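Here's the letter readout for the chains.
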Amino acid sequence: MPSPAEVLGVNPGADEEAVHRAYRRRVKDAHPDQGGSIEEFRTVQSAYEALLAGDREVSTQSTGSTVPTTLSTDVEFVDYEAIADKDWSLEDNDLFEKCRAAGLTGTDYGQLTVGRNDPLLETVEQCGRSWPYSCRGGACANCAVAVLEGELSQPVNHILPEEAIDRGIRLSCVGRPLTDTLKLVYNVKHLPAIADLRLPPRPADRRTSD
């Protein structure tokens, strides 16, 4: 089995910045949406996590296996464009009360249940919804959400600046719920703190990637 460094194409002992750059490059090429495979994609993610942890071997445990669980999170969400159209703000303490009172529905506002072991974006898509994304590997800000209540994990966080993290910005493609409830605003990729961290949309996926 190749070492984590070989998987990412970096020299053994490469510094953290070099590992980050290599991961961003490899995760895009390895993703099934870009002609890669699920197995390759998971291997790249495992190698990245291993190098950051100082490990020399890639984990053989499948990161995509289904883990039976009774834990789940109730997620309430709203599209950033919908609140911007109404001149509402992420800082509004009663934002979701306003959404419900205004009767927002469809892509603008909704609720769903997410298993604690399931990436948020994946569950959203399984429910028939389309949120912005591009790399799906935590290497860009296209899928970013603003968490206003509750906690969403951020296992890959090198792409987000501290300013964005402090404001509750997380990546939905890799984030998993950590609390019983979660309130968030999706489609925040144009916020000034993260706008420069987006990837260009793929032509075939322009509606969901941009």
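Now for a quick tour of the structure.

Conventions used here
- Residues numbered from 1 in each chain as written.
- Predicted model: local features only at pLDDT ≥ 70, side-chain atom pairs only at ≥ 80, totals over all residues.
- Heavy atoms only, no water.
- Helix = DSSP H or I, 4+ residues; strand = E, 2+ residues; numbered from the N terminus.
- Contact = heavy atoms within 4.5 Å.
- Buried < 20%, exposed > 50% of the residue type's maximum accessible area, 1.4 Å probe, protein only.
- Pairing = 2+ DSSP bridges.
- Axes fitted to C-alpha atoms, helices over the stretch in contact; angles between N-to-C directions.
- Phe/Tyr/Trp six-rings, centres within 6.5 Å; stacked < 30°, edge-to-face > 60°.
- Lys NZ or Arg CZ within 6 Å of the ring centre and 35° of its normal.

### Describing the environment of A193
Secondary-structure assignment places A193 in the loop between β5 (181-186) and α8 (206-209). Spatially, the C-alpha atom of A193 lies 9.5 Å from that of I169, the residues being 24 residues apart in sequence. Setting aside residues no more than four positions away along its own chain, A193 makes contact with P161, E163 and A164.

### Focus on the pairing of strand β1 (residues 72-79)
With respect to burial, β1 is a largely interior element, six of its eight residues being buried. Bridge analysis of β1 against strand β2 (residues 109-115) gives seven bridges, and the strand direction is antiparallel. Within the sheet, the bridge partner assigned to T73 lies in β2 and is V114. Here β1 runs beside β5; their pairing, made up of six bridges, is parallel. Bridge pairing in β5 places V75 opposite L182.

### Remarks on unusual backbone geometry
With a phi close to 60 degrees, D87 is a non-glycine residue in the positive phi region. Mapped onto the elements of the fold, D87 is located in the loop between α4 (80-85) and α5 (95-101). The exposure class of D87 is exposed, given its relative accessible area of 71%. Non-glycine residue R136 carries a positive phi angle of around 65 degrees. For R136, a relative accessible area of 19% corresponds to the buried category.

### Remarks on the sheet that holds β5
If you walk across this open sheet you meet the five strands as β2-β1-β5-β3-β4, and the pairing is mixed. Unpaired on one side and paired on the other, β2 and β4 (169-171) mark the two borders of the sheet. Pairs of neighbouring strands in the sheet enclose a mean axial angle of 35 degrees, with direction left out of account.

### Brief notes about the packing of aromatic side chains
Taken as a whole, this structure holds three aromatic pairs when the rule is applied. Measuring from ring centre to ring centre gives 5.3 Å for F77 and W131, while their planes differ by 70 degrees; the resulting arrangement is edge-to-face. With F77 in strand β1 and W131 in the loop between α6 (120-126) and β3 (144-149), this residue pair connects regions lying 54 residues apart in the sequence. For F77, a relative accessible area of 0% gives the class buried. Seen from their ring centres, W131 and Y186 are 4.4 Å apart, and the 5 degrees between their planes marks the pair as stacked. A residue pair is termed long-range when its members are at least 10 positions apart, and W131 in the loop between α6 and β3 and Y186 in strand β5 qualify at 55 residues. Relative accessible area serves as the criterion here: at 3%, W131 is assigned to the buried category. Take Y186: its relative accessible area is 3%, and that puts it in the buried class. Linked through ring pairs, F77, W131 and Y186 together constitute an aromatic cluster. Sitting above the plane of the Y133 ring, R136 keeps its charged end 4.1 Å from the centroid.

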